[in-house]
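Secondary and tertiary structure notes
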Amino acid sequence: MWHSTKVRNWKKHFLLPGLLSLAGLLLAQTRPALTGQDFDQWMKDLSNWGRWGKEDEIGAVNLITAAKRKQAAALVKEGASYSLARDAETEKADDNPVPFEHKMIRTGINNPGTSSGDMFTISHHGYAHTHMDSLCHFFYKGKMYNGFAQETVTQKGAEHLSIRNFKNGIVTRGILMDMARLKGVAYLEPGSPIYPEDLEAWEKKARVRAGPGDVVFIRTGRWALRAAKGPWPASKSSAGLHMSCAKWLKSRDVAILGSDAASDVMPSGVAGIAQPIHTLVLVAMGMPIFDNCDLELLSKEAARRGRWEFLLTAAPLAVPGATGSALNPVATF
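Fair warning: this is a prediction, and the values are worked out from it, not measured in the lab.

Here the focus is the environment of His242. Mapped onto the secondary structure, His242 falls in the loop between strand S10 (240–241) and helix H7 (245–252). With 153 residues separating them in the primary sequence, His242 and Glu89 have C-alpha atoms 28 Å apart. Apart from the residues lying within four places of it in its own chain, the contact partners of His242 are Arg31, Leu34, Pro193, Ile194, Tyr195, Val265, Ser268 and Ile277.

Here it is in structure tokens:
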């Protein structure tokens, strides 16, 4: 009994992850390399420009219909909610060059008997703070989603496609696609690509299929790795989606893409294109992005329940002209 248990554990913790990693490496080596020409063609092929009218500014969020919200609300069985936001990172680190600043302006010491008050300063884009990218965040050949000119983003802010368009909030079905759990590891190593085959393998394992209007969260285990080994320059090396996943996202009509880093595998593996997923998703498809979500607690709670779908709610700050916003997404089972 002891021997058979020992062998099973060894297979589970060492052999299986090793075989999966080897299989992934062999797949990457045999897969045709994607090029900048492929990227340019996909910008046309995957485009949602004009799909919801030439003046549309919310893109794939149009797929979150009233019926979709009602279906998502019906997923709530327990009323148990979990935040997907990281605590504010106030210390400078390799993955946090511009820390969150929290300054007290009134305290119980210098202003006794009346009130307290404070102020925040945050540069939300990057690899540290949980935030939402609006559709004006990325450009391609002088254009943003739906053909709006990049020159309409000025020192006064974005005239079109700003975060304010989403002030009514996001209420829909969320799906967690736990790539680290799929591979049988605590976290994917930086630079590990995720392919469409991985996403489909997870759907079979979790018995859930992504569909129109969903928010899909990709867990690489980034924060588990950071907790174990400390911060590293995530902008240079991160696990994430290979460019080939863009077609998968479009085919499923996903409304919003989320991850525990910035979605793209870094380096991208596509010569001359730093973040192909970001550009294809934001500019071609009009799909906002939730970056740097903390998916560790959600992963544990979803696994405990055997449920990988949930009601997802989130609302950015209503800042006219802003290219994004700090965010606190909440999953409710």
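And the narrative resumes.
Once that is clear, we can look at unusual backbone geometry. Here Met266 and Pro267 are connected by a cis peptide whose omega angle stands at -5°. Assignment of secondary structure puts Pro267 in the loop between strand S11 (256–259) and helix H8 (276–284). With phi around 55°, Asp253 is a residue other than glycine that occupies positive phi space. Residue placement: Asp253 occurs in the loop between H7 and S11. The exposure class of Asp253 is buried, given its relative accessible area of 17%.

Inspection of the entire model under this criterion finds seven aromatic pairs. When the centroid spacing of 6.2 Å and the interplanar angle of 40° are considered together, the rings of Phe217 and Phe290 count as tilted. With Phe217 in strand S9 (residues 215–219) and Phe290 in strand S12 (residues 289–291), the pair connects residues that are 73 residues apart, well separated along the chain. Ring-pair connections join several aromatic residues into one group, and the members of that group are Tyr82, Phe217, Phe290, Phe310 and Phe333. In this arrangement the basic side chain of Arg86 is found over the ring face of Trp223, its NZ or CZ atom lying 3.7 Å from the centre.

Here the focus is the packing of helix H5 (residues 196–206) against H7. Viewed as axis vectors pointing N to C, H5 and H7 meet at an angle of 45°, and their least axial separation amounts to 8 Å. Judged on the interaxial angle alone, H7 and H5 are oblique. Every residue of H7 that contacts H5 at Pro196, Leu199, Glu200 and Glu203 is listed here: Cys245, Trp248 and Arg252. When its residues are assigned to classes, the contact of H5 with H7 shows four nonpolar, no polar and three charged.

Rules used throughout
Residues numbered from 1 in each chain as written. Predicted model: local features only at pLDDT ≥ 70, side-chain atom pairs only at ≥ 80, totals over all residues. Heavy atoms only, no water. Helix = DSSP H or I, 4+ residues; strand = E, 2+ residues; numbered from the N terminus. Contact = heavy atoms within 4.5 Å. Buried < 20%, exposed > 50% of the residue type's maximum accessible area, 1.4 Å probe, protein only. Phe/Tyr/Trp six-rings, centres within 6.5 Å; stacked < 30°, edge-to-face > 60°. Lys NZ or Arg CZ within 6 Å of the ring centre and 35° of its normal. Axes fitted to C-alpha atoms, helices over the stretch in contact; angles between N-to-C directions. Parallel < 35°, antiparallel > 145°, perpendicular 65-115°, else oblique. Nonpolar A, V, L, I, M, F, W, Y, C, P; charged D, E, K, R; others polar.

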